[in-house]
Amino acid sequence: MTNKPELHTEGSFVAGLAAIALFLVLGAVFMGVSFPTPVGFGEGAAITKSLGAAMFDIAPSAIMGEGESAVPSEGFLVAFEIIDVVLVAALVGAVMLARREDAGEIVSLAFGSTESDQQTVAADGGEPAPSEETGGDDT
């Protein structure tokens, strides 16, 4: 009997070789590609003001200051709205997952389940609520 951990290599040799091959192929592709010179916005471009003008459907020239130029923002607006919808969906999902059920009951999607099939738990990791079956005493 030994106290050293044993290394199980069954079936992982091929997967390891595939991972190394994939790494080499991706490395060769990324090293061999040439990216164009990055092009930013012009001097004095007011990105935030352009987004605001696009959101409220007003002419960008109405809110631009001296020396500021508007940036076409239809593409920005679509991305902004998509991110907005995704973040709202994530917030609603987090609230639904964090909501504590009445009496700590497990929420089940199975139809036709009876109350005797469900267990009582505390959603916050604490002690379960006293059950009516035991007379309210969990000691």
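Quantities reported herein were computed from a predicted structural model and do not represent experimental measurements.

With that out of the way, let us pick up the overall build of the protein chain. In terms of regular secondary structure, the protein chain is built from three helices and zero strands. Listed N to C, the secondary structure of the protein chain is α-α-α in terms of helices and strands. Residue burial in the protein chain is summarised as follows: out of 139 residues, 6% are buried. Once local pairs closer than 6 in sequence are excluded, the contacts in the protein chain between residues at least 24 apart make up 25%.

Checked against the element boundaries, S50 lands in helix α2 (residues 47-55). Note on S50: relative accessible area 2%, which makes it buried. Not counting the four nearest positions on each side in its chain, S50 is found in contact with M64, A70, V71 and S73.

Topologically, A45 is positioned in the loop between α1 (12-32) and α2. Take A45: its relative accessible area is 27%, and that puts it in the partly exposed class. Along the primary structure A45 and E68 are separated by 23 residues, whereas in three dimensions their C-alpha atoms are 5.6 Å apart. Apart from residues no more than four positions distant in its own chain, A45 is found in contact with S69 and V71.

The next subject is the confidence of the model for the protein chain. On average, residues of the protein chain score 76 in pLDDT, and 65% of them reach the 70 mark or higher. Per-element confidence in the protein chain ranges from a low mean pLDDT of 82 for α2 to a high of 91 for α1.

Attention shifts here to a nonpolar patch on the surface. Among the surface-exposed residues, L22, V25, L26, V29, F30, V33 and F35 lie close enough to one another that they form a single nonpolar patch of about 710 Å² accessible area. For L26, the position within the fold is in helix α1.

Definitions and limits used
- Residues numbered from 1 in each chain as written.
- Predicted model: local features only at pLDDT ≥ 70, side-chain atom pairs only at ≥ 80, totals over all residues.
- Heavy atoms only, no water.
- Helix = DSSP H or I, 4+ residues; strand = E, 2+ residues; numbered from the N terminus.
- Buried < 20%, exposed > 50% of the residue type's maximum accessible area, 1.4 Å probe, protein only.
- Contact = heavy atoms within 4.5 Å.
- pLDDT = per-residue confidence, 0-100.
- Patch = residues over 30% accessible without salt bridge, like charges linked within 9 Å, V, L, I, M, F, W, Y side chains within 5 Å.
- Areas by Shrake-Rupley, 256 points an atom, 1.4 Å probe, with all protein chains shown as cover.
- Salt bridge = Lys/Arg side-chain N within 4 Å of Asp/Glu carboxyl O.

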